[in-house]
Amino acid sequence: MNARPLAIAVGQALAALAAVAIAAASPAHAAETAPRPWMDRSLSADQRATLALQAMTQQEKLGWVLGHFGADFANKTKKHPAALPFSAGYITGVPRLGLPALFETDAGLGVATQATATPRERTSLPSGLATTATWDKRLAYNGGAMIGAEARASGFNVMLAGGVNLLREPRNGRNFEYAGEDPLLAGTMVAQQVKGIQSNHLIATTKHFAVNDQETGRFVLDARIGEAANRTSDLLAMQLVLEQADPGSVMCSYNRLNGVYACENDYLLNQVLKKDWGYKGYVMSDWGAVHSTTQAANAGLDQQSGWEFDKSQYFGGALEEAVANGHVTQARLDNMVHRVLRAMFDKGVVDHPVAEGGAIDFAAHGLVTRTGAEEGMVLLKNEGGLLPLKPGAGKIVVIGAHADVGVLAGGGSSLVYPIGGNAVPGLEPKVWPGPVVYHPSSPLKAIQARAPGATVVYDDGTDPARAARLAAGADVALVFAQQWVGEALDATSLSLPDGQDALIAAVAKAQPRTAVVLETSGPVTMPWVGQSAAVLQAWYPGTSGGEAIARVLFGEVNPSGRLPATFPVSESQLPRPVLDGDPKDQTTRFAVDYHEGAAVGYKWFDLKGLKPLFPFGHGLSYTRFSYSGLAASQKDGKLQLRFKVSNTGAVKGKDVPQLYVAPLNAKWEAPKRLAGWDKVELAPGASTEVSVAVDPRLLATYDSRSKTWRIAKGGYKVLLARDAGGADAASVTVQLPQSTLDLSGKPLR
């Protein structure tokens with residue numbers, strides 16, 4: 001509640017009701033000048049939403065729960081005339097009450113454009129995986145603040161971003177939008193992005209709730225997973241975002257969960273989200289994810305989004321009739337609307353109206369995305385210190401992936417069209433989830449600028465023999481490789497497409513000094529890794545990606561990214577070596593059995609004793625770091641860890657020391673869990689002390705009957721490590737007492 005006495009708020013509410021009654025009996029112009037107590041900023045968001053709701057007609061209430069698509073759809077429907085052109089969605093406001101419409105835009109990488117040949121040109125962040133690979137919460141916040149500012153300047157007040165679905169399936173076509181395989185890392189990083197977006201007085205939308213972990217069959221598949229495993233993995237990631245960032249909205253997903261569609265799933269929406277977690281925002285559907293009226297409304301769905309994608313306007317006339325007939329109570333409809341209004345007041349949407357045509361500082365925003373791309377790049381291998389490149393090289397050959405003109409972006413609703421247009425137009429697919437887009441930030445030109453005395457030549461890589469001959473006569477070869485995927489389109493395998501493995505192998509055989517730069521959505525297999533001297537994972541690097549890649553290659557930026565996902569040797573190491581479902585059949589229902597439970601990614605590899613190609617958390621630097629003095633203590637019911645990091649190398653750099661915990665007696669889903677980390681920057685010879693507090697839930701198992709987290713009494717080994725796969729740099733054993741925690745991780749007394 002607001003600090004004011006409750007009596008004042010009640011008095012204001014009664015005054016508002018009286019004003020509404022007077023306005024209803026007066027001419028229309030009197031209503032426009034009637035008091036609007038809900039516009040009093042000193043009141044809480046809940047109070048303001050209640051007052052505004054009481055002033056509404058039934059038709060005005062119904063307007064808040066039905067969303068429209070913001071573009072012409074499949075030559076069947078026309079966008080709502082008031083929607084911003086080529087946008088994700090629109091929800092009608094109530095101008096007479098001073099309540100603005102909601103203008104929705106995709107997505108987590110920037111302001112996207114839907115279904116047009118004349119798109120908005122905006123700044124694109126590097127992929128979500130690239131941002132997470134920075135392991136830098138500040139950069140995640142800055143990226144969110146930047147794209148939120150562009151959304152506001154473009155006239156939007158709802159941004160359909162923070163994707164936090166875990167990387168259970170490395171072939172998932174939307175992994176590039178998300179934040180990796182670990183719930184602590186993913187939830188923490190996405191929370192910072194959401195906070196950054198909402199700092200612009202916008203509503204952010206955390207998605208997709210829940211277990212929407214592959215695109216193949218996404219409309220029909222049934223994700224099957226036990227509750228305790230879900231609470232410890234996918235749901236925990238979502239819960240951390242809600243606790244740390246409080247997004248105004250949550251988007252329910254297409255898939256079914258244990259037999260029930262997510263957007264009419266009482267367990268997910270009512271029991272977990274609203275009751276257990278106490279979420280006060282509203283639940284919007286994904287576009288095309290609604291299948292009912294009464295069941296969806298009663299199960300906790302608050303707003304049907306882009307109804308044109310569904311088979312019916314379920315929250316239109318059908319909902320009105322359901323309320324009239326008592327199948328959905330008036331109280332439930334009022335709660336649906338109240339949640340939308342509360343989010344609008346709470347996030348500043350009402351008090352800070354948006355307007356299209358705001359100024360955008362593209363130069364400053366380009367620097368934000370370039371910094372994120374640089375710090376998210378992961379140096380996977382650097383044999384013989386091939387990197388950083390020396391400016392005095394005589395001849396550099398750049399090969400493949402259209403590196404002469406740009407860098408690759410992922411496809412689907414999140415696509416941000418680049419300033420200056422697509423660097424490689426006309427590639428297939430040209431339609432959804434295409435077009436394939438390259439941001440016009442040329443790695444080749446950026447490399448040439450940093451080696452003015454060298455001969456820098458480009459080969460498109462379509463003829464491996466020709467590329468190999470060219471590379472053989474050079475001082476160094478840089479092979480750029482790509483893997484394009486997008487929404488609704490999983491990768492068919494983890495191999496690089498279009499014969500690129502053979503290209504890399506041929507070039508590396510001809511030129512031992514070969515570095516490979518990967519522009520991929522996520523993990524790929526690398527049968528050539530033993531032949532190449534260096535491998536740099538650049539992900540989809542965004543608007544300024546070409547410049548960022550060159551700066552890392554030449555050492556202007558010391559690479560500090562760490563993998564947010566395990567790279568397997570082959571698909572045979574995965575829980576599901578063959579992707580479930582048929583990409584060509586989107587109607588036949590099937591189930592995906594997540595038998596690994598909470599043992600996702602590195603936990604699965606640990607549990608099964610598998611050695612990955614590159615482990616979770618892996619990443620090299622151009623300098624060296626050492627760790628010392630690991631110590632543990634307990635304070636206020638939390639495990640506190642301290643240690644020292646030193647730069648023992650010759651150049652300044654950033655390191656990401658990681659802390660894992662392994663139970664000595666208790667049984668978890670896997671041998672260890674990530675418990676915390678920090679990112680530190682140190683000059684040569686410098687040291688710093690690091691302190692990390694461990695969320696108690698990361699030391700516990702979830703008990704479904706009591707809805708509590710339980711820490712078993714006994715010993716726990718704390719590992720200070722460089723990644724999840726190698727030997728730990730230091731360890732200490734702590735003894736923890738038995739304890740029971742509530743859902744938020746607080747001890748029960």
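Treat the numbers as computed from the prediction; the structure is a model and nothing was measured. (Residues numbered from 1 in each chain as written. Predicted model: local features only at pLDDT ≥ 70, side-chain atom pairs only at ≥ 80, totals over all residues. Heavy atoms only, no water.)

### Section: the overall build of the protein chain
Quick note on the threshold: Each helix corresponds to a stretch of at least 4 residues labelled H or I by DSSP, and each strand to a stretch of at least 2 residues labelled E; elements are numbered beginning at the N terminus. Just to be clear, the radius of gyration here is over C-alpha atoms, and the globule rule we use is 2.2 Å times residues to the power 0.38. Type-normalised accessible area, obtained with a 1.4 Å probe on protein chains alone, sets the label of each residue: buried when under 20%, exposed when over 50%, and partly exposed for intermediate values. Contacts between residues were defined by any pair of non-hydrogen atoms, one from each residue, lying within 4.5 Å. Exposure was quantified through the Shrake-Rupley algorithm and a 1.4 Å probe, taking into account, for residues, occlusion by the shown protein chains and nothing else. Counting rule for charge: Lys and Arg are taken as positive, Asp and Glu as negative, and neither His nor the chain ends is counted. To locate a charge, take NZ of a lysine, CZ of an arginine, CG of an aspartate or CD of a glutamate.
Along the backbone of the protein chain there are 19 helices and 31 strands. Compactness check: the protein chain gives a C-alpha radius of gyration of 26 Å against a globular reference of 27 Å for 749 residues, within 12% of the reference. By residue count, 62% of the 749 residues in the protein chain fall in the buried class. Summarising the internal contacts of the protein chain: among those between residues at least 6 apart in sequence, 76% fall at separations of at least 24. Counting every atom, the protein chain has about 26,400 Å² of accessible surface; 54% of that belongs to carbon and sulfur. Taking the average place of the 70 positive charges on the side chains of the protein chain and the average place of its 69 negative ones, the gap between the two points comes to 5 Å.

### Observations concerning the environment of Tyr279
We count it as follows: In protein, a polar contact means a hydrogen-donor-capable atom and an acceptor-capable atom, both N or O and within 3.5 Å, with residues adjacent in sequence counting only if both atoms are side-chain atoms; elsewhere, any N or O pair within 3.5 Å suffices.
Looking at the element boundaries, Tyr279 is found in the loop between α10 (266–276) and β10 (282–285). Take Tyr279: its relative accessible area is 5%, and that puts it in the buried class. Between the C-alpha atoms of Tyr279 and Leu242, which are 37 residues apart in sequence, the distance is 7.7 Å. In this structure Tyr279 touches Leu242, Asp246, Pro247, Gly248, Ser249, Val250, Leu273, Lys274 and Arg339, once residues within four positions along its chain are discounted. In terms of polar contacts, Tyr279 uses its side chain to reach the backbone amide nitrogen of Ser249, at 3.0 Å.

### Let's talk about the packing of aromatic side chains
Formally: In this analysis, rings of Phe, Tyr and Trp, with Trp reduced to its six-membered ring, are considered paired at centre separations within 6.5 Å, and the interplanar angle assigns stacked below 30 degrees, edge-to-face beyond 60, and tilted for intermediate values. Our definition puts a charge over a ring when NZ of Lys or CZ of Arg is within 6 Å of the ring centre and also within 35 degrees of the ring normal.
Within this structure, the stated rule accounts for 13 aromatic pairs. With a centroid separation of 5.3 Å and 70° between ring planes, the pair formed by Tyr702 and Trp709 is classed as edge-to-face. Taken individually, Tyr702 and Trp709 each receive the classification buried, so the pair is uniform in this respect. An aromatic cluster is present here, built from Trp135, Tyr602, Phe616, Tyr660 and Trp677 joined pairwise through their rings. When the ring centre of Trp668 is taken as reference, the NZ or CZ atom of Arg673 above it lies at 4.0 Å. The ring of Tyr627 carries Arg722 above its face, with NZ or CZ at 4.5 Å from the centroid.

### Side note on the pairing of strand β20 (residues 625–635)
Note the cut-off: Two strands form a pair only when DSSP identifies at least two bridges running between them.
Relative to strand β21 (residues 638–647), β20 is paired through nine bridges, and the arrangement is antiparallel. For Phe625, the partnering residue across the bridge sits in β21 and is Asn647. Joining the antiparallel neighbours β20 and β21 is a turn of two residues, in which Asp636 adopts a positive phi near 55°.

### Description of helix α15 (residues 443–450)
Quick reminder of the rule: The arc refers to the directions leading from the helix axis to the C-beta atoms.
Turning to α15, its buried residues number three or more, namely Pro443, Leu444, Ala446, Ile447 and Arg450. End-on, the buried residues of α15 take up no more than an arc of 165°, which puts them together on one face. Pointing more than 90 degrees away from the buried face of α15 are the exposed residues Lys445 and Ala449. The N-cap of α15, judged by a side-chain oxygen 3.3 Å from the amide nitrogen of Leu444 a few residues on, is Ser442.

### Side note on the sheet that holds strand β9 (residues 260–261)
Judged by pairing direction, the sheet is mixed, and its four strands sit side by side in the order β9-β8-β6-β19 without closing on themselves. The open sheet has two free edges, formed respectively by β9 and β19 (591–593), since each of these has just one partner strand. The pairing of strand β6 (residues 222–224) with strand β8 (residues 256–257) spans two bridges and is parallel. Along β8, the bridge assignment pairs Asp222 with Arg256.

### Some details on the packing of helix α6 (residues 137–153) against helix α7 (residues 183–198)
Keep this limit in mind: Where helices are involved, their axes are fitted lines through C-alpha atoms of the stretch in contact, as for all axes, and angles between N-to-C directions lie from 0 to 180°. For any pair of crossing helices, the crossing counts as left-handed if the nearer helix is rotated counterclockwise from the farther one by less than a right angle, and right-handed if it is rotated clockwise. For this classification, the nonpolar set comprises Ala, Val, Leu, Ile, Met, Phe, Trp, Tyr, Cys and Pro, the charged set comprises Asp, Glu, Lys and Arg, and every other residue, Gly included, is treated as polar.
With their axes 6 Å apart at the nearest point, α6 and α7 run at an angle of 35° to one another. By crossing handedness, the relation of α6 to α7 is classed as right-handed. Residues Lys137, Ala140, Tyr141, Gly144, Ala145, Ile147 and Gly148 of α6 touch α7, and the partners they reach there are Thr188, Met189, Gln192, Gln193, Lys195, Gly196 and Ile197. The class makeup of the residues in the contact of α6 with α7 is six nonpolar, six polar and two charged.

In short, shape yes, function no, at least from these values alone.
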